[in-house]
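# Descriptive structure summary
Now for the letters of each chain:
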Amino acid sequence: MQCEEKLEVFENGFADGRFNLRIEFYGSDARKILLAIIYELYLQDYGKEYVYPFECAKEFWGIYMDASEVEPEELKLGKPKFVSRAVMDKLEAILENIEAPREVKEDIDLEKAEIYKLKDGLLALGKNFLLDGIKNRLFIFNKPSARELILKYIGRW
């Protein structure tokens, strides 16, 4: 669905030509995270009263979410002292259990990812992906800066 001249929202993500940003997710629902990112991207253009792309995406996805819920959270990331084979096996098992196209999974290089341990699970950050081992979600994106946007909201939803 076209929500703005250059913003297209689809079932598991969005593509924005204005910001040259594409984010998709697989696994557990992450649409609220994407809504928060869309809100943040367009807030300056529209102001707090009514951010049209955010409202359009909410309607397309059938999600109730108030703009006041878009509050970034600081995620406390702790790097493990070393990444053991058991940690890598666990991440590989998480990735394997996420329903995503095979070619998407094949592009994930966990060996080169930054691995973080959170109190509830693991997080793997790559150049073009983020694997959330807590809620079993995989985010794929085209710009490394998208990681920071996702990390702002991943702890909330």
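Structure first, text after, so check above.
Residues numbered from 1 in each chain as written. Predicted model: local features only at pLDDT ≥ 70, side-chain atom pairs only at ≥ 80, totals over all residues. Heavy atoms only, no water.

## Overview of the overall build of the protein chain
Counting secondary structure elements, the protein chain contains five helices and eight strands. A compact globule built from 157 residues should have a C-alpha radius of gyration of about 15 Å, and the protein chain, at 16 Å, falls within 12% of that. Each principal axis of the C-alpha distribution contributes one length, and for the protein chain these read about 50 × 30 × 25 Å. The buried share of the protein chain, taken over its 157 residues, is 46%. Accessible area for the protein chain stands at about 8,800 Å²; split by element, carbon and sulfur atoms hold 47% of it. Both charge centroids of the protein chain, one from 24 positive and one from 30 negative side chains, sit 6 Å from each other. (Helix = DSSP H or I, 4+ residues; strand = E, 2+ residues; numbered from the N terminus. Rg over C-alpha atoms; globule rule 2.2 N^0.38 Å. Buried < 20%, exposed > 50% of the residue type's maximum accessible area, 1.4 Å probe, protein only. Areas by Shrake-Rupley, 256 points an atom, 1.4 Å probe, with all protein chains shown as cover. Lys, Arg positive; Asp, Glu negative; His and termini not counted. Charge placed at Lys NZ, Arg CZ, Asp CG, Glu CD.)

## Points about the sheet that holds strand β6 (residues 122-125)
Backbone hydrogen bonds hold the strands of a sheet together, and the pairing may be parallel or antiparallel. Spatially, β1-β2-β3-β4-β8-β7-β6-β5 is the arrangement adopted by the eight strands of the open sheet, whose pairing is antiparallel. One side of each edge strand has no neighbouring strand; the edge strands of this open sheet are β1 (2-4) and β5 (114-117). Ignoring strand direction, the axes of neighbouring strands in this sheet form an average angle of 15°. Both β5 and β6 contribute to a ladder of four bridges, which runs antiparallel. Among the inter-strand pairings, Tyr 116 is bridged to a residue of β6, identified as Leu 123. Strand contacts of helix α1 (residues 31-46): β1, β2 (7-10), β3 (13-16), β4 (21-27) and β8 (137-141), with the helix running at about 25° to β3, the strand carrying the most contacts. (Pairing = 2+ DSSP bridges. Axes fitted to C-alpha atoms, helices over the stretch in contact; angles between N-to-C directions. Contact = heavy atoms within 4.5 Å.)

## A short note on the packing of aromatic side chains
This structure, assessed with the given rule, holds four aromatic pairs. Through a chain of ring-to-ring contacts, three or more aromatic side chains come together here, namely Phe 19, Tyr 42 and Tyr 46. The ring of Tyr 64 has Lys 58 sitting right over it, with the charged end atom 5.8 Å from the ring centre. (Phe/Tyr/Trp six-rings, centres within 6.5 Å; stacked < 30°, edge-to-face > 60°. Lys NZ or Arg CZ within 6 Å of the ring centre and 35° of its normal.)

## Observations regarding the side chain of Arg 31
Inspection of the secondary structure assignment puts Arg 31 in helix α1. Looking at Arg 31, the relative accessible area reads 19%, which means it is buried. Here the side chain of Arg 31 touches Asp 29 through a polar contact of 2.9 Å, side chain to side chain. Beyond its immediate sequence surroundings of up to four residues, Arg 31 is in contact with Glu 11, Phe 25, Trp 61 and Ile 63. (Polar contact = N/O pair within 3.5 Å; in protein donor to acceptor, adjacent residues only side chain to side chain.)

## Comments concerning the state of the cysteines
Throughout this description, disulfide means a covalent bond between two cysteine sulfur atoms. Applying the stated criterion to the full structure yields one disulfide. Covalent S-S linkage joins Cys 3 and Cys 56, the inter-sulfur distance amounting to 2.1 Å. Because the torsion about its S-S bond is -75°, the bridge between Cys 3 and Cys 56 counts as left-handed. Here Cys 3 is found in strand β1, whereas its partner Cys 56 is found in helix α2 (residues 52-61), with 53 residues between them in sequence. (Disulfide = S-S within 2.5 Å.)

## Focus: the pairing of β4
Along a regular strand, successive side chains alternate from one face of the sheet to the other. With five of seven residues buried, β4 lies mostly within the body of the structure. Here β3 runs beside β4; their pairing, made up of four bridges, is antiparallel. By the bridge assignment for β4, Phe 14 is matched with Ile 23. Hairpin connection from β3 to β4: four residues lie between these consecutive antiparallel strands, with Asn 20 at a positive phi of about 50°. Note that β4 and β8 share five bridges and pair antiparallel. Among the inter-strand pairings, Glu 24 is bridged to a residue of β8, identified as Ile 140.

## Comments concerning the packing of α1 against α2
Running from N to C, α1 and α2 point in directions that differ by 155°, and their axes come no closer than 7 Å. Overall, the two elements α1 and α2 adopt an arrangement that is roughly antiparallel. Residues Arg 31, Leu 34, Leu 35, Ile 38, Tyr 39, Tyr 42 and Tyr 46 of α1 touch α2, and the partners they reach there are Tyr 52, Pro 53, Phe 54, Ala 57, Lys 58 and Trp 61. Considered class by class, the residues forming the contact of α1 with α2 number eleven nonpolar, no polar and two charged. (Parallel < 35°, antiparallel > 145°, perpendicular 65-115°, else oblique. Nonpolar A, V, L, I, M, F, W, Y, C, P; charged D, E, K, R; others polar.)

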